[in-house]
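Structural characterization, general
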Amino acid sequence: MVHEVFPPVVLTTARLVLRPFTAADAPDVHEAWQDEAYVRSAPVGYALAGADLPTAVNWCATGMEQRRVDGAGIGFALQPSDGGRLAGHVQLFGVDWTTRTAEMHYWTSPWARGHGFAAEAASAVARWALAEVRLERVFLQVDTANEASLRVAEAAGFRFEGVLRNLVPNRAGTRSDMAVYSLIPADLRPAG
């Protein structure tokens, strides 16, 4: 079996530079991980929700790059092209190189919400993965109660596939239904 990895890359959009994380990002990442909305929307058992600063430093300095080197995924720091604080994160994970599929995860820093950065970045990363890396499917699972995340998936151009009912334990002590969205290469071709 061939060990495949995502190539190291920096992507740009109209308003963002999507780049690897560095140790200098750790304070902003740590602050985002402490945000009440972030913690509330994270699945039960998600270790990074509320994680401490040393964990953020490790994740930024080596953790994300190690995932890329191991062939497990790739993560991007969302840096506004006009400067300013870290706007968020987009990651491909759970990569299956045999079936050429990956799942996407994203979050927006509290100070950057409401500007469409997550949708802009999610669209760019998915399109890059499909067109350049030659993945056959990039998909998302979004808690149906997380309206902001649902809007991101739709604004990024992902297609709604259905709902996986009662799938994930949540922090309210119940279980969440997860909406499934995807993009495939055919979605990138012009209609006609």
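Quick note: structure is the one above.
Here is a short report on the structure shown in this document. Source: prediction; values computed, not measured.

Rules behind the numbers
- Residues numbered from 1 in each chain as written.
- Predicted model: local features only at pLDDT ≥ 70, side-chain atom pairs only at ≥ 80, totals over all residues.
- Heavy atoms only, no water.
- Helix = DSSP H or I, 4+ residues; strand = E, 2+ residues; numbered from the N terminus.
- Buried < 20%, exposed > 50% of the residue type's maximum accessible area, 1.4 Å probe, protein only.
- Contact = heavy atoms within 4.5 Å.
- Pairing = 2+ DSSP bridges.
- Axes fitted to C-alpha atoms, helices over the stretch in contact; angles between N-to-C directions.
- Core = buried A, V, L, I, M, F, W, Y, C linked by side-chain atoms within 4.5 Å.

This next bit is on the environment of Met-64. Checked against the element boundaries, Met-64 lands in helix H3 (residues 53-69). You can call Met-64 buried: its relative accessible area is 4%. Separated by 44 residues in sequence, Met-64 and Pro-20 place their C-alpha atoms 7.9 Å apart. When neighbours within four sequence positions are excluded, Met-64 is seen to be in contact with Phe-21, Trp-59, Ile-74, Gly-75, His-89 and Gln-91.

Let us now look at the pairing of strand S8 (residues 175-183). In terms of burial, S8 is largely enclosed, as 7 of its 9 residues are buried. Where strand S7 (residues 159-169) meets S8, 7 bridges bridge the pair, whose relative direction is antiparallel. When the sheet's bridge partners are listed, Leu-164 is paired in S8 with Met-178.

Read across the sheet, 8 strands follow the order S1-S2-S3-S4-S5-S6-S8-S7 without closing on themselves; strand pairing throughout is mixed. The open sheet is flanked by strand S1 (11-12) and S7, the only strands paired with a single partner. Relative to strand S6 (residues 137-143), strand S5 (residues 101-108) is paired through 3 bridges, and the arrangement is parallel. Bridging across to S6, Ala-102 finds its partner in Val-138. Sheet strands touched by H3: strand S3 (74-80) and strand S4 (88-96). Its angle to S4, the strand with the most contacts, is close to 30°.

Before going further, it helps to spend a moment on the nonpolar core. Of all hydrophobic cores here, the largest spans 40 residues; its most connected members are Met-104 and Tyr-106. Elements represented by at least two residues in this core include exactly strand S2 (16-19), S3, S4, S5, helix H4 (117-131), S6, helix H5 (147-155) and S8. With 11 residues, H4 is the largest single contributor of residues to this core. Setting aside residues no more than four positions away along its own chain, Tyr-106 makes contact with His-89, Val-90, Ala-118, Ala-122, Leu-140, Val-142, Ser-149, Val-152 and Ala-153.

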